[in-house]
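This is what each chain is made of:
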Amino acid sequence: MKEFEENAQSEVGVMSPEYVNAVTLVVTALCVVQLVRVLWNWQTEGLRSIPTKGSLGWPILGEMPSLLRCAGTYTLESCPRSHLAFVSWLRERVEKYGTMFKTHVLFRPTIMMTTPEEIRFVLDDPDKKLSNGAPETLKRLLGSFNVFALAGQMHRDIHKILADSALVPELKRKTPEFDRLIRHSMSTWNGRTLDLLGAVQYAFFKAMTFNFFGISWEHEIADKAAALLSLVMPGVVSVPINLPGTAFYKAQNARKKLDKIFLPIIQEMRSTGSDGSSKYASVENFPYHSLLKYEINGEQLSDIAVVDILLSAILSGEGPSNVVSIALIYLKKNPPMLKRAQVEVDQLRKLKKESGEPDFSLSDLRELKYLTQVFHEALRITTIAPGVVRSATADIHFKGHVIPKGWITVAPFALIHMDPELYPEPSKFNPDRFENPPNPAIFFPFGRGNRACIGRQFTRLMVLMILYHIISNFTWEVVNFTGKLKHLPTFRLLGKVEIAFESRAELS
Ligand code: HEM
């Protein structure tokens with residue numbers, strides 16, 4: 001009977017206290033062993049790069065908690081301090097450990113490279129052993145073929161195809177259309193207060209859907225695409241929580257709707273060839289026929305892969321609108337600078353009127369010397385991309401250090417752009433520091449090397465053209481700007497930048 005009861009107990013799963021104690025003991029021992037393994041790995045990972053000093057911080061979290069404290073919201077007035085939050089996080093460690101130091105950020109052991117020479121090494125990647133550390137949100141929203149996630153030969157080929165479409169000859173051909181778009185956008189500004197950041201971003205997205213997909217900016221589909229594009233970018237820099245109401249959720253929905261606009265264009269471009277007919281886009285303005293023919297392992301890229309690639313290039317429209325807004329805010333705060341800019345644009349306007357060719361052309365950029373200085377200074381002080389992240393695909397040796405395979409390396413441009421030895425009084429907006437063209441060895445707003453920004457010429461043209469039209473046509477007052485901004489993960493003005501525009505009295 002006793003034997004029967006014992007069997008019955010075990011059948012129904014009732015365990016004796018001795019058995020429970022034994023299980024608890026085993027589970028606890030396993031947990032302790034696991035914890036020791038995690039700590040041991042942590043420690044040994046850190047010890048691998050013996051010559052490189054630094055701290056890996058807390059297990060799992062590394063030094064992220066202290067770095068995230070620099071990613072807060074700041075105000076324009078506290079800009080010096082806000083820049084210094086991230087910059088002094090770096091400087092503290094440079095003083096303690098040296099210019100190349102180890103840390104643990106973005107959940108990976110990291111080598112931070114902090115001098116211009118070290119940053120150039122990361123960007124130039126002479127050993128071809130660094131791949132891009134694109135964030136997961138970017139892959140989930142922009143797809144696995146987004147240009148930031150591509151690597152190796154395929155990245156080099158696609159980068160070239162994209163870069164060729166943004167070179168001077170193509171920009172020259174399209175400038176009259178960009179100019180018409182900008183003048184049309186500004187035609188209703190007189191006497192109005194509007195959100196400059198939003199308005200410029202909107203115009204940029206339309207210019208880019210024209211540039212990358214050949215969609216006429218006058219077609220209503222361009223408005224629809226621009227509205228959807230402005231929802232995707234906040235998702236890229238958000239926490240990837242896919243719940244209704246979150247930025248990530250909205251961005252994912254917007255991406256699906258954008259596919260419905262862009263996929264038919266790619267299908268039409270494949271089938272229409274060169275007869276020029278397409279529902280929304282013109283074949284002659286679609287510069288990517290070589291992308292449609294590009295093959296991997298003998299197979300052409302799928303339509304969705306082409307959309308991934310072009311969409312990832314278009315989404316950089318947030319940067320230029322921040323540069324335009326910051327330039328206008330600083331010019332307004334500094335009347336002598338504004339006066340110099342006005343004299344310059346008025347001179348060009350007069351010249352153009354006299355020559356009988358009033359429309360903006362690419363060659364006009366040469367005449368806008370002071371505005372170009374303003375553009376460079378706005379790029380420096382914002383440093384829209386504060387740095388880049390790369391992942392080591394093999395052990396890399398540099399200056400007596402090793403960047404072990406699997407580690408990431410970070411090249412923080414912001415530190416260089418705010419270095420008082422290279423840029424005296426770095427927190428001051430001072431276009432005069434760019435009287436001579438920027439020195440590419442210490443100026444990295446667009447990166448450099450095989451991943452350098454393909455949109456830098458386009459950005460320069462559009463930002464200067466927009467500033468030219470605004471300064472020559474309007475006076476403005478900043479009426480409502482929270483003054484708030486973020487530096488990490490990218491520089492962004494927060495909220496609206498509401499500006500009241502009036503036609504310039506002396507010109508009317
Ligand atoms: C203020 C404006 C902009 C800034 C500061 C900026 C900055 C950068 C930087 C620093 C990189 C290099 C990233 C890296 O090395 O990993 C980059 C890459 C890139 N940018 Fe821009 N960008 C701007 C505007 C644009 C525009 C308007 C476009 C499109 C027309 C564009 C398209 C791209 C693309 C496609 C890449 C990736 C290149 C590659 O990985 O092969 N950018 N940008």
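Residues numbered from 1 in each chain as written. Predicted model: local features only at pLDDT ≥ 70, side-chain atom pairs only at ≥ 80, totals over all residues. Heavy atoms only, no water.

Colleague: Can you break down the UniProt feature "binding site: heme" (unreviewed entry) in the chain residue by residue, with the values?
Modeller: Mapped onto the present numbering, the UniProt feature "binding site: heme" (unreviewed entry) falls at Cys-453. Mapped onto the elements, Cys-453 comes out in the loop between helix H17 (413-417) and helix H18 (456-473). (UniProt positions renumbered as here; feature names shortened; annotations may be inferred. Helix = DSSP H or I, 4+ residues; strand = E, 2+ residues; numbered from the N terminus.)

Colleague: Any details on the nonpolar core? Residues and values, ideally.
Modeller: Grouped together as the largest cluster of nonpolar side chains are 135 residues, with contacts concentrated most on Leu-162, Phe-212, Phe-262, Leu-310 and Ile-470. Excluding residues that lie within four positions of it along the chain, Ile-470 makes contacts with Met-186, Trp-189, Leu-196, Leu-328, Trp-476 and Phe-501. Val-105, Leu-415, Met-418 and Leu-488 belong to the second-largest nonpolar core, a separate cluster that totals 17 residues. (Core = buried A, V, L, I, M, F, W, Y, C linked by side-chain atoms within 4.5 Å. Buried < 20%, exposed > 50% of the residue type's maximum accessible area, 1.4 Å probe, protein only. Contact = heavy atoms within 4.5 Å.)

Colleague: Lay out the site of the ligand with the relevant residues and their values.
Modeller: Neighbouring the ligand are 27 residues; His-155, His-159, Ser-316, Arg-390 and Cys-453 lie closest to it. Between the ligand and His-159, the relevant distance is 2.5 Å, taken from an oxygen atom to a side-chain nitrogen or oxygen of the residue. Between Arg-390 and the ligand, the recorded distance is 2.7 Å, taken from a side-chain N or O atom to an oxygen atom. Broken down by secondary-structure element, the contributors of at least two residues to the shell around the ligand are helix H7 (152-164), helix H9 (196-213), helix H14 (318-333), strand S8 (388-392) and H18. Of the residues that constitute the shell around the ligand, the class distribution is 17 nonpolar, eight polar and two charged. (Near = heavy atom within 4 Å. Polar contact = N/O pair within 3.5 Å; in protein donor to acceptor, adjacent residues only side chain to side chain. Nonpolar A, V, L, I, M, F, W, Y, C, P; charged D, E, K, R; others polar.)

Colleague: Report on a positive patch on the surface, specifying residues and quantitative values.
Modeller: A cluster of basic residues, Lys-224, Lys-256, Lys-257 and Lys-260, forms a positive patch at the surface. No other element matches the three residues that helix H11 (residues 247-272) contributes to the positive patch. Tracing the backbone through its elements, the reader meets Lys-224 in helix H10 (residues 220-236). (Patch = residues over 30% accessible without salt bridge, like charges linked within 9 Å, V, L, I, M, F, W, Y side chains within 5 Å. Areas by Shrake-Rupley, 256 points an atom, 1.4 Å probe, with all protein chains shown as cover. Salt bridge = Lys/Arg side-chain N within 4 Å of Asp/Glu carboxyl O. Lys, Arg positive; Asp, Glu negative; His and termini not counted. Charge placed at Lys NZ, Arg CZ, Asp CG, Glu CD.)

Colleague: Describe the layout of surface pockets, with residues and values.
Modeller: Empty space within the second largest pocket amounts to approximately 480 Å³. Considering the residues around the second largest pocket, the lining is formed by 20 residues, among which Arg-183, Arg-349, His-469, Ser-472 and Asn-473 are closest to the centre. The element contributing the most residues to the lining of the second largest pocket is helix H15 (residues 335-355), with five residues. Its residues placed into classes, the lining of the second largest pocket shows six nonpolar, six polar and eight charged. (1 Å grid on protein atoms, 1.4 Å probe; cavity = no way out; pocket = protein on both sides within 12 Å on 5 of 7 lines; lining within 4 Å. Points joined across faces, edges and corners; volume = space filled by probe spheres on them.)

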